[in-house]
Amino acid sequence: MGVTGTRTLSLNTLVRLQRGMGTPAAPLLRLSVPEGMTAPMGCDAVAVPARFGPLVLPRLPRVGCVYADEAHWWWLVPSDSDYALEWPAPARYDTGAVVPDTPDLPSLIHRPDGTLPYTPPIPLYLAVCRLTNTTPSWSRPVTA
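Residue numbering note: each chain is counted from 1, following its sequence as written. A pLDDT threshold of at least 70 governs which residues receive local features in this predicted model, and a stricter bar of 80 or more applies before side-chain atom pairs are shown or counted, although totals over entire chains, interfaces and linings include all residues. Side-chain descriptors were evaluated using all non-hydrogen atoms of the structure, hydrogens and water having been removed beforehand.

Peer 1: So, the overall build of the chain: which residues are in play, and what are the values?
Peer 2: Along the chain, the regular secondary structure elements total three helices and five strands. Numbering of helices and strands runs from the N terminus, with a helix taken as a DSSP run of H or I at least four residues long and a strand as a DSSP run of E at least two residues long. Ordered by position from the N terminus, the helices and strands of the chain form the series α-β-α-β-β-β-β-α. Sequence-distant contacts, at least 24 apart, represent 77% of the contacts inside the chain between residues at least 6 apart. Throughout, the Shrake-Rupley method with a 1.4 Å probe supplies accessible areas, and for residues the shown protein chains are the sole cover considered. Of the roughly 9000 Å² of accessible surface on the chain, 57% is carried by carbon and sulfur atoms. Contacts are assigned to residue pairs that have any heavy atoms within 4.5 Å of one another.

Encoded structure:
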């Protein structure tokens, strides 16, 4: 006989709960979607060191909003673009397009035509993997 009244949580729910834990000490700085654009899938951001930014751009078939400061470049991607992906170091995946450890918001350096701010996450992931000499997670051998 099964247990009644129990609720099964999916992996997605558990990930969202984990992301909601913790209270930041300082106010969060968040990349904003430019005026006139919409983000129907929500926004996260992928940060890479500034030295990689100009190397990533020509490898992408479409570039969404890109923000930069002296240390990093950030690409807006749809929320949950990290699902089942291990973004290689030194890239960093920032949930909610929050830019931690940054005193000021970075500047918008690229705005795409149209109303969607997103860079497609898979081409961005592959470009970052290529530049960091990292095998994409789905190509790695499975070990038991």
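Anyway, onward from the coordinates.
Peer 1: So what's going on with the pattern of salt bridges? Residues and values would help.
Peer 2: The term salt bridge refers to a side-chain nitrogen of Lys or Arg lying within 4 Å of a carboxyl oxygen of Asp or Glu. For the coordinates displayed, the defined rule picks out one salt bridge. Close ionic contact of arginine 92 with aspartate 94 constitutes a salt bridge, the shortest N to O distance being 2.9 Å. Judged by relative accessible area, arginine 92 falls into the partly exposed class, the value being 27%. Per-residue accessibility, obtained with a 1.4 Å probe over protein chains only, is compared with the maximum for each type, and a residue is labelled buried under 20%, exposed over 50%, and partly exposed between these values. The class of aspartate 94 is buried, set by a relative accessible area of 5%.

Peer 1: Give me the pairing of strand β1 (residues 43-49): which residues, what numbers.
Peer 2: With seven of seven residues buried, β1 lies mostly within the body of the structure. Burial along β1 is two-sided: the face carrying Cys43, Ala45, Ala47 and Pro49 and the face carrying Asp44, Val46 and Val48 are both buried. Judged from the seven bridges that link them, β1 and strand β3 (residues 72-78) form a sheet pairing that is antiparallel. Within β3, the residue paired with cysteine 43 across the bridge is proline 78. Here the rule is simple: two strands pair whenever DSSP picks up at least two bridges between them.

Peer 1: Kindly report on the nonpolar core, identifying the contributing residues and their values.
Peer 2: We define a nonpolar core as any set of buried Ala, Val, Leu, Ile, Met, Phe, Trp, Tyr and Cys residues linked to one another through side-chain atoms lying within 4.5 Å. Counting residues in each nonpolar core, the largest one holds 21 residues, and the members touching the most others are Val48, Leu60, Trp73, Trp75, Trp87 and Leu124. Going through the elements one at a time, β1, β2 (66-68), β3 and α3 (121-131) are the ones with two or more residues in this core. With five residues, the top contributor of residues to this core is α3. In contact with tryptophan 87, other than residues within four places in its own chain, are Val46, Ser81, Asp82, Tyr93, Pro121, Leu124, Tyr125 and Val128.

Peer 1: So what's going on with α3? Residues and values would help.
Peer 2: Looking at α3, one finds that the buried residues are Pro121, Leu124, Tyr125, Ala127, Val128 and Cys129. Check the buried side of α3 and you find it contacts β1, α2 (53-56) and β3. At the exit of α3 stands asparagine 133, carrying a positive phi of roughly 55 degrees.

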